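# Close look at the chain arrangement
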Amino acid sequence: MENYHKPDKQTLQELRNIANRLRINSIKATTAAGSGHPTSCCSAAEIMSVLFFHTMKYKPDDPRNPSYDRFVMSKGHAAPVLYAAWAEAGSLQESELLNLRKIDSILEGHPVPKQPFVDVATGSLGQGLGAACGMAYTGKYFDKASYRVYCLLGDGEMSEGSVWEAMAFASFYNLNNLVAILDINRLGQSDPAPLQHKVEKYRERCEAFGWHAVIVDGHSVEELCKALCQPHSQPTAIVAQTIKGKGIPATEDKMGWHGKPLPKDMAESVIKDLQSQITSDKKLSPPTPTEDAPPVNLKNIQMPSEPKYILGEKMATRKAYGMALEKLGRANNRVVVMDADTKNSTFSEIFKNKFPDRYVECYIAEQNMVSVAVGCAARDRNVVFASAFATFFTRAFDQLRMAAISESNINLCGSHCGVSIGEDGPSQMALEDLAMFRAIPTATVFYPSDAVSTEKAVELAANTKGICFIRTSRPENPVIYNSNEEFRVGQAKVVYKNSKDQVTVIGAAVTLHEALDAAEQLKEEKIYIRVIDLFTIKPLDSKTIIENARATGGRIITVEDHYYEGGLGEAVCSAVVNEHDFTVERLAVSHVPRSGKPRELLTLFKIDSKAIVQAVKKILNDTANKTTK
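Residues numbered from 1 in each chain as written. Predicted model: local features only at pLDDT ≥ 70, side-chain atom pairs only at ≥ 80, totals over all residues. Heavy atoms only, no water.

On to the pattern of salt bridges. Counting across every chain of the model gives 29 salt bridges. Ionic pairing is found between Lys114 and Glu108, a salt bridge with its closest N-O pair at 2.7 Å. Close ionic contact of Arg550 with Glu579 constitutes a salt bridge, the shortest N to O distance being 2.9 Å. Pair noted here: Arg550 is in helix H18 (residues 542-551) and Glu579 is in the loop between helix H19 (568-576) and strand S19 (583-589), with a separation of 29 residues, a long-range link. A relative accessible area of 23% means that Glu579 is categorised as partly exposed. Each of Arg21, Glu88 and Lys283 takes part in salt bridges that share partners, so that together they form one network. (Salt bridge = Lys/Arg side-chain N within 4 Å of Asp/Glu carboxyl O. Helix = DSSP H or I, 4+ residues; strand = E, 2+ residues; numbered from the N terminus. Buried < 20%, exposed > 50% of the residue type's maximum accessible area, 1.4 Å probe, protein only.)

Interfaces are often sized by the amount of accessible area the parts lose when they come together. As far as domains go, the chain holds domain 1 (9-277), domain 2 (313-479) and domain 3 (493-628). Here the C-alpha centre of domain 3 lies 53 Å away from the C-alpha centre of domain 1. (Domains from an automatic or database assignment.)

What follows covers the sheet that holds strand S2 (residues 149-154). Ordered in space as S1-S2-S3-S5-S4, the five strands form an open sheet in which the pairing is parallel. Strand pairing shows two members of the sheet lacking a second neighbour, strand S1 (70-73) and strand S4 (212-217), which therefore form its edges. In this sheet, adjacent strand axes meet at a mean angle of 20 degrees when their direction is disregarded. Both S1 and S2 contribute to a ladder of four bridges, which runs parallel. Bridge pairing in S2 links Phe71 to Tyr150. Helix-sheet contacts for helix H8 (residues 221-228) involve S2, strand S3 (178-184), S4 and strand S5 (236-241), and the interaxial angle to S4 is about 165 degrees. (Pairing = 2+ DSSP bridges. Axes fitted to C-alpha atoms, helices over the stretch in contact; angles between N-to-C directions. Contact = heavy atoms within 4.5 Å.)

For helix H6 (residues 161-172), which comprises twelve residues, the first-to-last C-alpha distance of 17 Å matches the rise-based estimate of 16 Å (1.5 Å per residue) to within 8%. Turning to H6, its buried residues number three or more, namely Ser162, Val163, Trp164, Ala166, Met167, Phe169 and Ala170. (Expected span 1.5 Å × (residues − 1).)

This part is about the nonpolar core. A general trend in soluble globular proteins is that nonpolar side chains are found buried together. Counting residues in hydrophobic clusters, the biggest one holds 88 residues, and the most contacted among them are Leu129, Leu178, Met338, Phe437 and Leu534. It is helix H5 (residues 128-142) that provides the largest number of residues to this core, a total of eight residues. Each residue touching Phe437, except ones within four places of it in the same chain, is listed here: Phe393, Leu400, Leu412, Ala443, Val445, Ile467, Phe469 and Lys538. Membership of the second largest hydrophobic core comes to 49 residues, among which are Leu15, Tyr150, Cys225 and Ile238. (Core = buried A, V, L, I, M, F, W, Y, C linked by side-chain atoms within 4.5 Å.)

The next point concerns the environment of Leu195. With respect to the helices and strands, the residue Leu195 is situated in the loop between S3 and helix H7 (199-208). Here Leu195 falls in the buried class, since its relative accessible area comes to 12%. Each C-alpha atom, one on Leu195 and one on Ser26, is 27 Å from the other, the two residues being 169 residues apart in sequence. Among all residues touching Leu195, those that are not within four sequence positions of it are Lys201, Tyr202 and Arg205.

Before going further, it helps to examine the UniProt feature "domain: Transketolase-like pyrimidine-binding" (unreviewed entry) in the chain. Sites flagged by UniProt as "domain: Transketolase-like pyrimidine-binding" (unreviewed entry) map to residues 315-479. Within residues 315-479, the helical portion is 39% and the strand portion 21%, while the C-alpha atoms at the span's ends are 7 Å from each other. (UniProt positions renumbered as here; feature names shortened; annotations may be inferred.)

Listed below in structure tokens is the structure:
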């Protein structure tokens with residue numbers, strides 16, 4: 001190959017020695033744990049040896065330095081060989097490997113970021129390459145730095161569609177700083193992988209997706225060195241033919257050993273044999289990196305000015321979101337926006353038009369978009385906002401839960417929520433999204449009700465750790481907040497109040513405006529209600545809810561453009577479950593909807609102002625009847 005400088009014989013032998021030490025430590029760790037995947041580790045031993053001690057540029061004492069090469073272990077079940085590599089590099093005590101999977105050890109069964117050398121959690125297969133794409137995109141287009149990104153995949157996960165979404169993304173954006181190494185060891189968990197050892201098929205598929213692909217013997221350190229050192233004008237796929245369980249004679253290329261540690265006596269025998277093949281204990285140091293990633297400051301990002309909206313002005317929150325993104329982009333040049341080919345509906349195109357170099361079109365591949373966002377945000381390089389129709393984030397739920405495990409700070413905006421989108425019909429209506437995001441432990445869920453609160457939600461999300469979800473709506477509703485109104489995560493707003501209030505009505509966005517209309521109608525009949533805008537569904541402002549409900553006789557009505565299950569109604573119920581003499585009536589979408597005009601659908605599902613008026617009268621009547629009895 002052009003520009004290839006073959007390592008000397010001694011270096012090649014040392015790389016073989018390291019590979020066998022990685023095997024030994026993977027076997028020791030999994031046998032000590034009584035669980036794990038030693039055969040999956042052993043097929044990748046030479047790959048890891050060459051990557052970590054010949055190819056990748058980094059310093060072991062500072063694994064998350066922004067200038068250093070990145071590595072993603074997509075086949076996360078092979079974590080012990082990753083830990084063994086970092087122990088070989090000196091970042092871990094070798095003795096710590098024997099604590100694998102113990103409750104008080106950082107060495108979990110699959111890679112997680114509590115380990116300082118791991119950027120993103122893996123283990124749910126098929127997601128590592130998408131995250132690696134986000135890192136590589138950042139390196140090439142935002143950092144403009146020399147670091148490269150390497151991702152090790154198993155052949156089993158090549159059946160995941162998300163892998164090929166990532167493949168398409170990488171070739172479209174010409175991520176020539178990205179290298180995927182495919183560990184083709186033939187065997188899956190319960191069956192052989194579909195293509196088994198048909199490495200030519202893998203090569204052809206990678207090439208069809210626009211990658212440079214080369215086949216190597218995955219146990220030849222010389223072939224791996226040769227393939228990994230070559231620069232290319234495309235992303236590179238190293239198709240490495242390997243043997244599952246290599247180095248463990250009884251398990252080599254045999255079914256039935258996936259996820260099984262070796263019994264102690266068998267492990268001791270295999271380790272003794274592997275040790276006999278090691279010619280020296282010499283350590284190799286990784287190549288020295290170039291320190292050329294620019295400094296980045298993502299702290300305390302503030303809008304350059306207060307919102308410019310006028311009370312009563314009508315504006316859809318989805319459009320206010322796009323305008324807020326553009327404004328935030330002026331405040332910090334590391335604000336990055338992604339979309340899934342819905343930018344003219346989510347209004348992220350407003351940001352794109354102003355900052356095209358910081359906009360990433362992910363096309364209709366929401367799973368990959370979330371993974372790319374996670375990679376793009378890794379090592380605190382960018383503040384990422386990714387947008388789509390809210391309903392289509394449901395297909396990326398696995399990526400979202402893995403983002404939480406990754407301790408990732410990403411911001412997602414879902415537009416077109418609920419039946420209020422109207423004629424497009426149920427396939428486009430997000431009615432499960434609140435339940436989904438509320439279930440994610442690290443999530444903050446914003447549900448702004450007007451343009452001002454939307455802009456504030458964007459600013460708060462940029463400075464909030466974890467996953468932030470902003471739910472935006474299609475209908476245009478009037479601005480109800482002054483520009484200088486202060487908003488905080490977990491703080492609700494009482495937007496309609498009277499000392500004579502008898503019922504507390506809680507809504508958000510479209511249903512909040514319906515509640516305000518209902519309040520005006522009821523006022524004419526001398527019936528008074530208090531209206532609360534939750535602003536964040538998670539965390540919920542339980543204090544404000546309980547205090548105001550007590551002031552209105554413990555009577556609460558929730559109204560939401562979402563299914564009954566998992567939405568704001570259930571959130572409110574969980575907040576007041578321990579309160580005595582509280583009554584909660586819930587209005588929500590009761591079944592799969594249909595196409596229709598927004599107003600017709602709100603009426604059909606009884607979440608409009610008329611339904612709220614009826615619900616208020618009913619709860620008051622029911623209370624009066626109880627008192628009489």
